Amino acid sequence: MRIDGRKKDELRPIEAKVGVLKNANGSAMFRMGNTIAVAGVFGPREVHPKHKEEAERAILRTEYRMSAFSTTSRSRPGPSRRSKEISMVIREALVPVLFLEEFPKTAIDVHIEVLQADASTRCAALNAAALALADAGVQMRDLVASCSAGKTNGEIVLDIAGKEDTDGELDLPVAYYPHKKMITLLQMDGIATKEEMKKIIALAKKGCEEIYEIQKKVLKEKYKEGDKDEQ
Amino acid sequence: MGDVMEEESEIIEEKTETIEKEEKIRKVVIPGDMLGTGRAGHGTYEENGTVYSKVVGLMEKRDELIFVIPLCGIYNPKRGDGVIGRIDEISFSKWIVDINSPYQAVLPLSEAVDEFVDLTKTDLTRFFSYNDMVFAEISSVTKTKSVQLSMKDRKCRKLRGGRLIKVTPAKVPRIIGRGGSMVEMVKELTGTQIVVGQNGLVWVKGDNEDIAAEAVLEIEQKSHIHGLTDQIKNMLTEKMQKGDINEN
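Every chain is numbered on its own, with residues counted from 1 as its sequence reads. Chains and ligands are labelled sequentially in the order written, the chains with letters from A and the ligands with numbers from 1. With pLDDT at 70 or above as the cut-off, local features in this predicted model cover only qualifying residues; side-chain atom pairs require 80 or more to be listed or tallied, and sums for whole chains, interfaces and linings still use all residues.

**Brief notes about the confidence of the model for chain B**
Residues and elements named next belong to chain B. The quantity known as pLDDT measures the predictor's confidence residue by residue, on a range of 0 to 100. The predicted model of chain B has a mean per-residue pLDDT of 87, with 88% of residues at 70 or higher. Once C-beta atoms have been placed from the backbone, residue pairs whose C-beta atoms lie within 7 Å are recorded as contacts. Throughout residues 1-23 the model reports pLDDT below 50, and contacts reaching past four residues in sequence, or to other chains, amount to one contact. At the level of chain-chain contacts, confidence expressed as ipTM amounts to 0.89, with global pTM at 0.88.

Put into C-alpha cells, the structure is as follows:
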C-alpha cells in the first residue's frame, strides 16, 4: 500500500477531455490525480519568423509552462531552464509520430499549461499534447502516451505522485509510441540497478498502455456523434 | 460432406453481406487505428501491409481502397476547389490572396480579368483592391505548395458587401448538402445570396443575413444529426414568419 492508498501498479484517477479551448485549432485537458495540464494546438500555420521555415516539412514548436499557482509556493512565471528543457523533450517525444512532411513550410505550435503540479507534469503535458494534436487534425502515425514509474521505500511503483516524488529514490518518466512499442522519452532522476531499471521501464510501459486506451476512448467520444451521418 | 461445406460457405457469404451493410455506417477512427488490408487512400498510411488511419475522421472502403474523411483540421488547398479569399497584397501583375490556409494563393492578372490591360497605365486596384473578397477556383497546387487561382469560371466573382462566416473546413460538405440541397434551401427560404468556399468561409448577403448566418452556424454545429435539412427548414420558416409579423 502506498501513501495515497494505491496499489503498486495502479495509476492515479485520470480524467481527460478533448476540445476544451475554443480559439485553438485543437485542444485537450489531461488530469492525473492532482496534476492537471491543458494543451492547445495552433496550426499548421504560416511560420513567423520566416527564416525558421523548412521547405520540406512543418516545424513543431512546443512550449511547456507552469502556472504561478500550480505549486504550493508560487512558481515564478516565465521561461526557466527547467521549462525550456521540458519543452524540448516533449517536442522530441512527439516528432516521431507526426507526418510533418504533409504540411511543408508551416509551423505547428503546441502550448501546454500546467495548472496544478503534483509530480509527473511532463507526462500529463505530453498526454494532453498528443490529444490536442489529433484534435487539430494533424496527421499522426499514432498517439503518444506517457507516464512515470519509480522507486519509493525500496519498492517499484507506477505513476509517482506527491511525496513519492520529493522523498522517493527514483522517478522515471517514459513516453511511449504504443503501436510500434517504441519509447520516445526516457528520463531518470535517481539511482537504480540494471535489474530494477528493467522492471521500472516495463512497469511504466504497462501504465502507458493503460493511458493510451483512455486517450483513444476520449478522442473517439468527442467525434462519435459523426457516426450516423449521411451526405 | 460436400453439402455441409456448401452450406457453410453460404452462411459465410450471408455474413459478409451483413458486414458490408454495417460498413456503410461510417466508423469514426483516430490516428493509429488499424483499418485492415487494402490500398491506402488519403488520410491513411500503410505499414507492413496493414493500413492505418492518420487523422480523426470517418473511415470509408471502396473495393480495395481504404480512405478516411477527416472530421477536423485546417484547410489544405486542392486543385479544383472553389474558395473565398481576401486580397492581401498587390504586385505588378498579380494579387496575393489569403485563402484561410497556411499557404497564400496567387491570382495572376490574366486569370482574373478578361479585357486587355495596359500595365503601364492601369492601377490594379481598379479591379481588386486590398481587403476585397473574391470567390475563385484553385487552378493548381504544386508540391512545394504554391497555390494558383483562376477566375475564368463563370461562378467566380468579386464579393461586394455582405458578411463572412468562418466554419470548420471539414464541415463544408454538410453546409452544401447533397447536390447543394442544404445551401439552396437556406438561400430560397431567406432570400439571401450565399457563396460557400471549400476553405471554410461562407459569404452571405441579403436582407435576412442574420437568419441565414444563424442557419449556417447551426448546420456547422449539428452537422452530425440525421434529417438536419428538415430541421433547418422548420427553423427557417418559423424565423421568417416571425420576421414578417414584426415588419407589419
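**Description of the environment of Val 110 of chain A**
Residue and element names in this part refer to chain A. For the purposes of this entry, the term helix denotes a DSSP run of H or I that reaches at least four residues, the term strand denotes a run of E that reaches at least two, and both are numbered from the N terminus. Residue placement: Val 110 occurs in strand β5 (residues 106-116). Accessibility expressed as a C-beta count within 10 Å gives 29 for Val 110, which makes it buried. Along the sequence, Val 110 and Phe 42 sit 68 residues apart, while their C-alpha atoms lie 6.5 Å from each other. The residues contacting Val 110, other than those within four sequence positions of it, are Ala 39, Val 41, Thr 62, Ala 129, Ala 132 and Leu 133. We call a residue exposed when 12 or fewer other C-beta atoms sit within 10 Å of its C-beta, buried when the count reaches 20 or more, and partly exposed for counts in between; the C-beta positions come from the backbone.

**As for the interface of chain A and chain B**
Listed by partner, the interface residues are 33 residues for chain A and 24 residues for chain B. At the level of elements, β3 (35-46), α2 (121-135) and α4 (194-223) of chain A are the ones that each hand at least two residues to the side of chain A that touches chain B. Within the side of chain A that touches chain B, the residues separate by chemical class into ten nonpolar, nine polar and 14 charged. Under the convention adopted here, Pro, Cys and the residues Ala, Val, Leu, Ile, Met, Phe, Trp and Tyr are nonpolar, Asp, Glu, Lys and Arg are charged, and Gly plus all remaining residues are polar.

**Focus on the domain arrangement of chain B**
All names here are of chain B. Domain borders in the structure are assigned automatically or taken from a domain database. If you check the domain split of chain B, you get domain 1 (21-70), domain 2 (82-159) and domain 3 (163-247). Just the C-alpha atoms count here: the centres of domain 2 and domain 3 sit 27 Å apart. Each side of the interface is counted separately: domain 2 has nine residues, and domain 3 has seven residues. Within the residue set of the side of domain 2 that touches domain 3, elements represented by two or more residues are β8 (82-90) and β11 (133-141). For the side of domain 2 that touches domain 3, the element with the most residues is β8, which contributes three residues. Residue composition of the side of domain 2 that touches domain 3, by class: six nonpolar, three polar and no charged.

**Description of the sheet that holds strand β1 (residues 27-29) of chain B**
Residues and elements named next belong to chain B. If you trace the four strands from one edge of the open sheet to the other, you get β1-β6-β7-β3, paired in mixed fashion. In this open sheet, the two strands that pair with only one neighbour each are β1 and β3 (39-40). Across two bridges, β3 lies against strand β7 (residues 65-70) in parallel orientation. Bridging from a neighbouring strand, Arg 39 pairs with Leu 65 of β7. Following DSSP output, two strands are said to pair if at least two bridges run between them.

**As for the pairing of strand β16 (residues 201-205) of chain B**
Residue and element names in this part refer to chain B. Where strand β14 (residues 163-166) lies against β16, four bridges are found, and the strand directions are antiparallel. Bridged to Leu 164 within β16 is Trp 203. Pairing between strand β15 (residues 193-196) and β16: four bridges, direction antiparallel. For Gln 193, the partnering residue across the bridge sits in β16 and is Lys 205. The hairpin formed by β15 and β16 contains four residues between the paired strands, and Gly 200 there has a positive phi angle of roughly 90°.

**Section: the sheet that holds β15 of chain B**
Residues and elements named next belong to chain B. With antiparallel pairing, three strands are arranged side by side in an open sheet as β14-β16-β15. The outermost strands of the open sheet, each flanked by one partner alone, are β14 and β15. With strand direction ignored, the average angle separating the axes of adjacent strands in the sheet is 20°. Orientation is described by axes fitted as lines to C-alpha atoms, over the contacting stretch for helices, and by angles from 0 to 180 degrees between their N-to-C directions. Set on the sheet, helix α5 (residues 209-221) makes contact with β14, β15 and β16; between it and β16 the angle comes to about 155°.

**A closer look at the environment of Leu 170 of chain A**
All names here are of chain A. Following the sequence through the fold, Leu 170 ends up in strand β8 (residues 170-177). A sequence separation of 162 residues divides Leu 170 from Lys 8, and the C-alpha atoms of the two residues are 14 Å apart. Setting aside anything within four residues of it in sequence, one finds Leu 170 in contact with Gly 150, Lys 151, Met 188, Asp 189, Gly 190, Ile 191 and Ala 192.

**Thoughts on the packing of helix α4 (residues 181-190) of chain B against α5 of chain B**
Residue and element names in this part refer to chain B. For the pair α4 and α5, the least separation of the axes is 10 Å and the interaxial angle reads 155°. When the axes of α4 and α5 are compared, the pair comes out roughly antiparallel. In this structure, α4 meets α5 at a crossing whose hand is right-handed. In this structure, α4 contributes Met 182, Val 186 and Thr 190 to the contact, and α5 contributes Ile 211, Ala 212, Ala 215 and Ile 219. Any angle between 65 and 115 degrees counts as roughly perpendicular, while under 35 counts as roughly parallel, over 145 as roughly antiparallel, and the rest as oblique. Crossing handedness is read from the near helix: turned anticlockwise from the far helix by less than a right angle, it gives a left-handed crossing, and turned clockwise, a right-handed one.

**Focus: the packing of α2 of chain A against α4 of chain A**
Residue and element names in this part refer to chain A. Look at α2 against α4: their axes get within 11 Å of each other, and the N-to-C directions meet at 35°. Here α2 and α4 pass one another in a crossing that is right-handed. On the side of α2, the interface is formed by Asn 127, Ala 130, Leu 131 and Ala 134, while α4 contributes Ile 211, Gln 215, Val 218 and Leu 219. Grouping the amino acids of the contact of α2 with α4 by side-chain chemistry returns six nonpolar, two polar and no charged.

**Remarks on α4 of chain B**
Residues and elements named next belong to chain B. Of all the positions in α4, only Met 182, Val 183, Val 186 and Thr 190 are classed as buried. Within α4, the buried residues cover an arc of 95° as seen down the axis, which keeps them to one side. Turned more than 90 degrees off the buried face of α4, the exposed positions are Ser 181 and Glu 188. Positive phi shows up at Gly 191, right after α4, with a value of about 65°. Read the arc as the range of directions from the helix axis to the C-beta atoms.

**As for unusual backbone geometry**
In this model, Gly 43 of chain A is joined to Pro 44 of chain A through a cis peptide bond whose omega is 5°. Of note, Pro 44 of chain A is situated in strand β3. Cis rather than trans, the peptide bond between His 48 of chain A and Pro 49 of chain A has omega equal to -5°. Here Pro 49 of chain A shows up in the loop between β3 and β4 (59-66). For Asp 63 of chain B, which is not a glycine, the phi torsion comes out positive at approximately 55°. Examined against the element boundaries, Asp 63 of chain B turns out to sit in the loop between β6 (57-62) and β7. Not every positive phi belongs to a glycine, and Asn 100 of chain B is a case in point at roughly 60°. Tracing the backbone through its elements, the reader meets Asn 100 of chain B in the loop between β9 (94-98) and β10 (105-108). The exposure class of Asn 100 of chain B is partly exposed, given the 19 C-beta atoms found within 10 Å.

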